[in-house]
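Working through the structure, step by step
Spelled out from the first residue to the last, the chains are:
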Amino acid sequence: MSELTASRSAPTSGRAPGEPAAAGPVRRLGVSTLFIAGLAATVLLAAVHLAQGTSSVDAADLLRLATGRGTDQTAAVLVASRLPRLLAATLVGVALGFSGAALQSLARNPLASPDTLGVNAGAYLAVVAAAAFGLSLPVLPAGGLAFLGGLAAAGVVLVLSAGGITGPTRLILAGSAVALALRALTTLLLLLLFQESTTGLFAWRSGSLIQSDLDAVIQMAPVVLLAVTGSMLVAHRLDVLALGDDTASVLGIDVRRTRLVVVLLAVLLTAAAVTVAGPIGFVGLVAPVLVRLAGSRLPGVQRHRVLLPLSGSAGVLVVVTADVVLRIVLGPQGGVDIPTGVVTTLFGSIVLVWLARRYRDSGPTRQSPGTGSRLRSRQTVTVVAIAAAGATRGGRPGDARRGHLGAHG
Amino acid sequence: MRATPIPVLIATLALAVVVSACGSVEDAGAQTSATEAGRDGGGGPVTVTDARGREIALDAPATEVVGLEWGVVENLVSLGVMPVGVADVQGYSHWVSAAPLDDGVADVGIRGEPSVDALGALDPDLVVATTDLPTNIIDQIEALVPVLVLRGASAERPIEQMKDNLTLVAQAVGRTDEAAALLEDFDAVLAEGAQRIEDAGLTGTGFVMADGYIQGSTVSIRMFTDGSLVGAVGEELGLENAWTGEGDPDYGLAQTDVEGLTTLGDVEFLYYTNDATEENAFESGLAGNAIWKSLPFVVNGHVHRLADGIWMFGGPLSTVQFVDAAVDALTS
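Since the structure is predicted, the reported quantities are computational estimates derived from the model, not experimental observations.

The next subject is the overall build of chain A. Along chain A, the regular secondary structure elements total 18 helices and zero strands. Going through the 409 residues of chain A one by one, you find that 54% of them count as buried.

Structure representation (structure tokens):
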């Protein structure tokens, strides 16, 4: 009897929006397999990463150290150079992975990222501007400045794209244009900086993970943790938002406030990453795409409580891989001369081109839920999806536009 | 189609203003050249061939000269020709103490991007620049004034390049005797320094010369290879440059991080910084760093900070300052 009631009430029960009705063991197993596989790959690469560097300390030395037969010098190199670099990579990867996934969901477009929306460029410009005018800021004020810069850039992008009313394409175009302008300004300021501080002529590098102390990582870690927690708390709202603004509003989500919160969190995460390592480009773009690709047969991946942490760990994987490959290909000196950001940007631009070709016609009228749309259509188990099916299928042309107008009105 | 909202226009305009205000190389098309014959300065027409292989013909040795790179400016001042304009006068006063400028030398912008307008207003006989300046900027200036372009430095022959540059500038301003005297003094100081090193029994001692730069939690260290001017001078003094990595082809500088310093043994570690413009990367940036504290030259107190204001990319006067400072540091 009770069994019957349960099964009958399942499709219409008052579950929280976005919470799947049937998070079966198979899917949970699939998602956790993906997570564990990613983690294992990261740990493996991290071990290689720790054994790379400009000193002669290699894997054998580190093994000796682990077994208590290492030298003080080896310990110093591990503690004062290798670990800070790995921790910086981890922090930056998590921050950019979360930020990218959140922004892609918000814009309903896989082309969205801290890079293509100008957030990265804005945050970096703010930090460079301070340095160019002779301000040597401690980590937290520098982070605050990066946050303001990223927020200002995001603000300009939103104004230029009229808040995204006309759809994701315009948002991305505005973002790319603003990012280009900001990068040009940064280059000019760097020119100025070279004049002011002559030693910076060859020393200023961008997007490098090399750390001489743990200050930046330690002070930015709580910020990232806070923003990551915040993102997880609004994750279910992002699930609902993916169904369209109209639907989300109908389901009781304050669309405007949710967007604002998510933008603030994404900018905060990006600013933290920029403060630690400079602009490590396109990690925020690539990480969520990798997750969506790897998890394309796992419907549960689309849920933001899964997608966000998976993107975070994919971000770590991307950053560490880029750093490891850089040193394998160009040697330890190459790791100093060439910023890691160059490698991620090269890789990221390839992904960007691939995505742009694949989603050539991703206007608001055809693919409002972005990459998720096709994957999601297989997943018809949630109450929300069933309830929303009519609205999204029937009313898809232009529903994003109306939703936004509603949100702004 | 929506009309473009006002805020969009404002934002676009603001951005455009900011972007255009940052460029200091203005269009120089409207300016006219005003080199006139028969200025005082002594001597007849001068023709010099610069680093581009171009012949610069002057009716008389130049007296009103603008220097766009500090090494060049130092050369001019040390030859007794006070330039009428210098790129980044304030920076020069911080970094190049060997040959101070008179008050009233005009600032013509930043070194990498001088203001062509400011240059035109000074109406000089000659502008001396280096190959570090982009050719399009050199071309713009050349439309107004003859430009003598020097190679800033050469990692293949660092000391010779420094001497050649002084001689070339001296020819253009008609001060070749002064140049010869300066170079003679330079050679004498170098020989004297080498003697002091030898007397102190330090010949063959390993040394490195470095500077550093802090950005956030990252300290970048720049090593002066034996292709750099002061690296080569150290070798001339009888010391052994312990940094064996390769530098850039002009200034002979190599990049490393604190971990990279572990490849050095117990060397004499020389560095310079400038309190007026930057944080000391070695004292404050690396003070708490475990690697730095474990380095043999740090443990044994073989780290020497050279005085501020010695320009490591300068002419004979700056290099003499370096010789004295380095020898003093090692022998005291």
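Take the overall build of chain B next. Across its full length, chain B holds 12 helices and 13 strands. For chain B, restricting intrachain contacts to residue pairs at least 6 apart in sequence, the fraction spanning at least 24 positions comes to 65%.

Residues and elements named next belong to chain B. Side chains Ile56 and Leu58 project from strand β2 (residues 55-58) onto a buried face, and the interleaved Glu55 and Ala57 project onto a face without burial. Of the strand pairs in this sheet, strand β1 (residues 46-49) and β2 are connected by four bridges, and their pairing is antiparallel. Residue Val46 lies in a different strand from β2, and its bridge partner there is Leu58. Hairpin connection of β1 to β2: five residues between the antiparallel strands, including Gly53 at a positive phi of 80°.

To continue, consider the sheet that holds strand β3 (residues 65-67) of chain B. Residue and element names in this part refer to chain B. The five strands lie next to each other as β5-β4-β3-β6-β7, forming an open sheet whose pairing is parallel. Bordering the open sheet on either side are β5 (106-107) and β7 (147-150), each of which pairs with just one other strand. Both β3 and strand β6 (residues 126-130) contribute to a ladder of three bridges, which runs parallel. Following the sheet pairing, Val66 is matched in β6 by Val127. Its contacts with the sheet place helix α2 (residues 70-78) against β3, β4 (85-86), β6 and β7, and it is angled at close to 140° to β3.

Moving on, we come to the domain arrangement of chain B. Many structure descriptions define interface size as the accessible area lost when the parts assemble. Residues and elements named next belong to chain B. We note that the domain assignment places domain 1 (34-150) and domain 2 (201-331) within chain B. Taking only C-alpha atoms into account, the centre of domain 1 sits 31 Å from that of domain 2. Contacts between domain 1 and domain 2 engage 11 residues on the former and 13 residues on the latter. Counting only elements with at least two residues in the side of domain 1 that touches domain 2, the list comes to α2 and α3 (89-95). Of the residues forming the side of domain 1 that touches domain 2, the biggest block, five residues, is contributed by α2. Its residues assigned to classes, the side of domain 1 that touches domain 2 comprises five nonpolar, five polar and one charged.

Attention shifts here to unusual backbone geometry. At Phe282 of chain A, a position not held by glycine, the phi torsion is positive, near 70°. Structurally, the position occupied by Phe282 of chain A is in the loop between α12 (255-277) and α13 (283-294). Even without a glycine there, the phi angle at Asp123 of chain B is positive, about 50°. For Asp123 of chain B, the location among the structural elements is in the loop between α4 (116-122) and β6.

Attention shifts here to the packing of helix α4 (residues 72-107) of chain A against α12 of chain A. Residues and elements named next belong to chain A. Orientation of α4 relative to α12, taken along the N-to-C sense of each, is 155°, at an axis distance of 8 Å. Here α4 lies roughly antiparallel to α12, going by the angle between them. The two elements α4 and α12 cross, and the hand of that crossing is left-handed. For the pair α4 and α12, the contacting residues are Ala88, Leu91, Val92, Ala95, Leu96, Phe98, Ser99, Ala102, Leu103 and Leu106 in the first and Arg259, Val262, Val263, Leu265, Ala266, Leu269, Thr270, Ala272, Ala273, Val276 and Ala277 in the second. Partitioning the contact of α4 with α12 into residue classes produces 18 nonpolar, two polar and one charged.

With that settled, consider helix α8 (residues 229-236) of chain B. Given 3.6 residues per helical turn, the α-helix brings residues three or four places apart onto the same face. Residues and elements named next belong to chain B. The buried fraction of α8 amounts to six of the eight residues, a majority that puts the element mostly inside the structure. Inspection of α8 places Leu229, Val230, Gly231, Ala232, Val233 and Gly234 among the buried residues, and these make up the whole buried set. The inward-facing, buried residues of α8 contact α6 (158-173), α7 (176-199), β8 (206-215), β9 (218-224), β10 (240-241) and α12 (316-331). Gly238 sits one or two residues past α8 and shows a positive phi near 100°.

Looking now at the confidence of the model for chain B. Residue and element names in this part refer to chain B. Looking at chain B as a whole, the pLDDT averages 87, with 87% of positions reaching at least 70. With pLDDT under 50 throughout, residues 15-41 is counted as low confidence; its partners more than four residues away or in other chains account for 37 contacts. Model confidence for the complex is summarised by a pTM of 0.78, with the ipTM given as 0.76.

A separate point is the packing of α13 of chain A against helix α14 (residues 304-337) of chain A. Residues and elements named next belong to chain A. Two elements in contact, α13 and α14, have axes whose closest approach is 8 Å; the angle formed by their N-to-C orientations is 120°. The angle between α13 and α14 falls in the class oblique. Along this stretch, α13 crosses α14, giving a crossing that reads as right-handed. Here Val283, Val286, Ala287, Pro288, Leu290 and Val291 of α13 lie close against α14, whose contacting residues are Leu307, Leu310, Ser311, Ala314, Gly315, Val318 and Val319. Its residues assigned to classes, the contact of α13 with α14 comprises 11 nonpolar, two polar and no charged.

Bringing the pairing of strand β11 (residues 253-256) of chain B into the picture now. Residue and element names in this part refer to chain B. Both faces of β11 are covered, namely the face carrying Leu253 and Gln255 and the face carrying Ala254 and Thr256. Sheet topology note: the β9/β11 ladder contains four bridges and is antiparallel. When the bridges of β11 are listed, Arg222 appears paired with Gln255.

Further remarks concern the environment of Glu160 of chain B. Residue and element names in this part refer to chain B. Structurally, Glu160 can be placed in helix α6. The exposure class of Glu160 is exposed, given the 11 C-beta atoms found within 10 Å. As for Glu160 and Leu229, which are separated by 69 residues in sequence, their C-alpha atoms are 9.3 Å apart.

Its place among the elements puts Leu188 of chain A in helix α7 (residues 168-196). Assessed through the 19 C-beta atoms surrounding it within 10 Å, Leu188 of chain A is described here as partly exposed.

A few words now on the environment of Leu310 of chain A. All names here are of chain A. Among the structural elements, Leu310 can be located in helix α14. Taking the C-beta count within 10 Å as the criterion, Leu310 has 26 such neighbours and is therefore assigned buried. Sequence spacing of Leu310 and Arg292 is 18 residues, and the spatial spacing of their C-alpha atoms is 9.4 Å. Those residues within four positions of Leu310 in sequence are excluded, and the remaining contacts are Leu34, Phe35, Val291 and Val301.

Bringing the confidence of the model for chain A into the picture now. Residue and element names in this part refer to chain A. Looking at chain A as a whole, its pLDDT mean stands at 77, while 75% of the residues score no less than 70. Per-element confidence in chain A is highest for helix α9 (residues 215-233), whose mean pLDDT is 94, and lowest for helix α18 (residues 399-408), whose mean pLDDT is 29. Segment residues 196-204 is flagged for pLDDT under 50; beyond a separation of four residues in sequence, or across chains, it makes 25 contacts in the model.

What counts, and where the lines are drawn
- Residues numbered from 1 in each chain as written.
- Chains lettered and ligands numbered in written order.
- Predicted model: local features only at pLDDT ≥ 70, side-chain atom pairs only at ≥ 80, totals over all residues.
- Helix = DSSP H or I, 4+ residues; strand = E, 2+ residues; numbered from the N terminus.
- Buried ≥ 20, exposed ≤ 12 C-beta atoms within 10 Å, placed from the backbone.
- Contact = placed C-beta atoms within 7 Å.
- Pairing = 2+ DSSP bridges.
- Axes fitted to C-alpha atoms, helices over the stretch in contact; angles between N-to-C directions.
- Domains from an automatic or database assignment.
- Nonpolar A, V, L, I, M, F, W, Y, C, P; charged D, E, K, R; others polar.
- Parallel < 35°, antiparallel > 145°, perpendicular 65-115°, else oblique.
- Left-handed = near helix turned anticlockwise from the far one by under 90°.
- pLDDT = per-residue confidence, 0-100.

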